[in-house]
Amino acid sequence: MKTILITPRPFHEKGSEQIEKLEQLGYNVIVNDTGKRYTKEQLMELMPDIDAILTGNDPLDKELLTLSKKLKVISKYGVGLDNIDLKYANEKGIKVCKALGANSISVAESAMMMILTSLRQYYSLCHNSKTGIEKRLMGREAKGKTLGILGLGAIGKNVARFAHAFEMNIVGYDPYISQQQVEDYVTMKSFEEVLEQSDIITLHLPLLESTKNIINDESISKMKDGVIIINTARGGLIDSKALFNALQTAKLSFVSEDVELKERSEELKQMERYNITPHAASFTLEADQNTMQIAVQNIIDNLEE
């Protein structure tokens, strides 16, 4: 009997249908029911006996993968693979899959919400109102603004579709996507051109060596004054120090991020024109169910090969 380890916590509460599906197919399923992420020590105990793992953000490094003598499939509960040693997994012949498209609507909706609330100073309006300050702040419309989208995968394309409905001008950069692969309301540009032309820049890139700190002092210097940056991808795409400095000098008018809280300093989090949420853009009931279904099916398809 093949054993599957499921580490993401939502499965214990909401994934009974998918767990039952695996059990009916004859798999032994181990589900994380601790209410917390597994520690590395706990994973080290479990890895030697599993044939597949359905993982969230567990650090599946070389040390852990070396222990996994039977492991054939790693299925990601999401799309970001930066927590997995892909090179070593490939050397060991381990198939790595991601839940493509499962949460693209949820994340794109969150990005669009962040664009609109940043333009309208919604966060400050709410904070002021709750503290008894009756002050109407001047916002800006989305219509007519140029939105630069860095990364035109499923999420980026959905953001473009939503932004088009708001009559925004849309420019995009993605080294793997051509003009023929996007709608005609998106104009593909170079990275530098997107930086120079955009009023708002939204990031939908994977975190790779080539994209780490892609937003830094140099790239920010090429932007218009008063640009808004939206980041629902990974904190590592933006250099924290450069971000702080650009907000302090008002080179950036507002930054809204949905990244892990530990990726940003307390000093940055307290800035008035900065907002952060705990990497929750994909947390909708619909995205949860889609991601669970696709991640489980990826295991079934690849274990049965």
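In this report, we go over the structure that sits alongside the text. What you are looking at is a predicted structure, and each value in this text was computed from that prediction instead of being measured. (Residues numbered from 1 in each chain as written. Predicted model: local features only at pLDDT ≥ 70, side-chain atom pairs only at ≥ 80, totals over all residues. Heavy atoms only, no water.)

1. Description of the overall build of the protein
Moving on, step 1. When helices and strands are tallied, the protein shows 13 helices and 12 strands.
Moving on, step 2. Computed over C-alpha atoms, the radius of gyration of the protein comes to 21 Å, within 12% of the 19 Å expected from 2.2 N^0.38 for 305 residues, which places it in the range of a compact globule.
Moving on, step 3. Each of the three principal axes of the protein carries a C-alpha extent, and together these read 65 × 50 × 35 Å.
Moving on, step 4. Relative to its full complement of 305 residues, the protein shows a buried share of 48%.
Moving on, step 5. Split by element, the accessible area of the protein, about 15,500 Å² in all, is 49% carbon and sulfur.
Moving on, step 6. Averaging the coordinates of the 36 positive side-chain charges in the protein and doing the same for the 43 negative ones gives two points 3 Å apart. (Helix = DSSP H or I, 4+ residues; strand = E, 2+ residues; numbered from the N terminus. Rg over C-alpha atoms; globule rule 2.2 N^0.38 Å. Buried < 20%, exposed > 50% of the residue type's maximum accessible area, 1.4 Å probe, protein only. Areas by Shrake-Rupley, 256 points an atom, 1.4 Å probe, with all protein chains shown as cover. Lys, Arg positive; Asp, Glu negative; His and termini not counted. Charge placed at Lys NZ, Arg CZ, Asp CG, Glu CD.)

2. With respect to the layout of surface pockets
Moving on, step 1. By volume, the second largest pocket amounts to about 310 Å³.
Moving on, step 2. In terms of lining residues, the second largest pocket is bounded by Tyr123, Ser124, His127, Asn128, Phe254, Lys269, Gln270, Met271, Glu272, Tyr274, Asn275 and Ile276.
Moving on, step 3. Of all elements in the fold, only α7 (122-130) and β12 (274-278) reach the threshold of two or more residues within the lining of the second largest pocket.
Moving on, step 4. Top element by residues in the lining of the second largest pocket is α7. It accounts for four residues.
Moving on, step 5. Broken down by class, the residue content of the lining of the second largest pocket amounts to five nonpolar, five polar and two charged. (1 Å grid on protein atoms, 1.4 Å probe; cavity = no way out; pocket = protein on both sides within 12 Å on 5 of 7 lines; lining within 4 Å. Points joined across faces, edges and corners; volume = space filled by probe spheres on them. Nonpolar A, V, L, I, M, F, W, Y, C, P; charged D, E, K, R; others polar.)

3. A few points about unusual backbone geometry
Moving on, step 1. Of note, the phi angle at asparagine 213 is positive, near 55°, even though the residue is not glycine.
Moving on, step 2. When you line up the elements, asparagine 213 lands in the loop between β9 (200-203) and α10 (217-221).
Moving on, step 3. Take asparagine 213: its relative accessible area is 27%, and that puts it in the partly exposed class.
Moving on, step 4. Phi at histidine 279 is positive, roughly 50°, even though this residue is not glycine.
Moving on, step 5. Within the element layout of this structure, histidine 279 appears in the loop between β12 and α13 (285-303).

4. Here we look at the packing of helix α2 (residues 16-24) against α13
If you want to describe how two helices pack, look at the angle between their axes and the distance between the axes.
Moving on, step 1. Taken N-terminus to C-terminus, the directions of α2 and α13 make an angle of 15°; their axes are 10 Å apart at the nearest point. Relative to α13, the element α2 lies roughly parallel. Considering how the two elements wind past one another, α2 and α13 form a crossing that is right-handed. Counted together, Gln18, Lys21 and Leu22 of α2 and Met292, Gln293, Val296, Gln297 and Ile300 of α13 form the full contact between these two elements.
Moving on, step 2. Here the residues of the contact of α2 with α13 sort into four nonpolar, three polar and one charged. (Axes fitted to C-alpha atoms, helices over the stretch in contact; angles between N-to-C directions. Parallel < 35°, antiparallel > 145°, perpendicular 65-115°, else oblique. Left-handed = near helix turned anticlockwise from the far one by under 90°. Contact = heavy atoms within 4.5 Å.)

5. Considering helix α6 (residues 104-119)
Moving on, step 1. For α6, spanning 16 residues, the distance from its first C-alpha to its last is 23 Å, which sits close to the expected 22 Å at 1.5 Å a residue.
Moving on, step 2. Most of α6 sits inside the fold, with 12 of its 16 residues counted as buried.
Moving on, step 3. Along α6, the residues classified as buried are Ser104, Ser106, Val107, Ala108, Ser110, Ala111, Met112, Met114, Ile115, Thr117, Ser118 and Leu119.
Moving on, step 4. Where α6 ends, the next residue or the one after it, glutamine 121, has phi of about 55°, a positive value. (Expected span 1.5 Å × (residues − 1).)

6. Here's the deal with the sheet that holds strand β2 (residues 28-31)
Moving on, step 1. Spatially, five strands are ordered β2-β1-β3-β4-β5 in an open sheet, and the strand pairing comes out parallel. Here the strands that pair on one side only, and so sit at the sheet edges, are β2 and β5 (95-98). The mean inter-strand angle of the sheet, taken between neighbouring strand axes irrespective of direction, is 15°.
Moving on, step 2. For strand β3 (residues 52-55) and strand β4 (residues 73-76), the ladder comprises four bridges, and the chain directions are parallel. Bridge pairing in β4 places isoleucine 53 opposite isoleucine 74.
Moving on, step 3. Against the sheet, α13 contacts β1 (3-6), β3, β4 and β5, and its axis sits at roughly 160° relative to β4. (Pairing = 2+ DSSP bridges.)

7. Considerations on the packing of aromatic side chains
Moving on, step 1. Taken as a whole and assessed by the stated rule, the structure comprises three aromatic pairs.
Moving on, step 2. Arranged with centres 5.5 Å apart and planes meeting at 5°, the rings of tyrosine 123 and phenylalanine 254 form a pair that is stacked. With tyrosine 123 in helix α7 and phenylalanine 254 in strand β11 (residues 252-259), this pair connects stretches of sequence that are 131 residues apart.
Moving on, step 3. Accessibility expressed as a relative area gives 23% for tyrosine 123, which makes it partly exposed.
Moving on, step 4. Residue phenylalanine 254 is classed as buried on the basis of its relative accessible area, which comes to 8%. (Phe/Tyr/Trp six-rings, centres within 6.5 Å; stacked < 30°, edge-to-face > 60°.)

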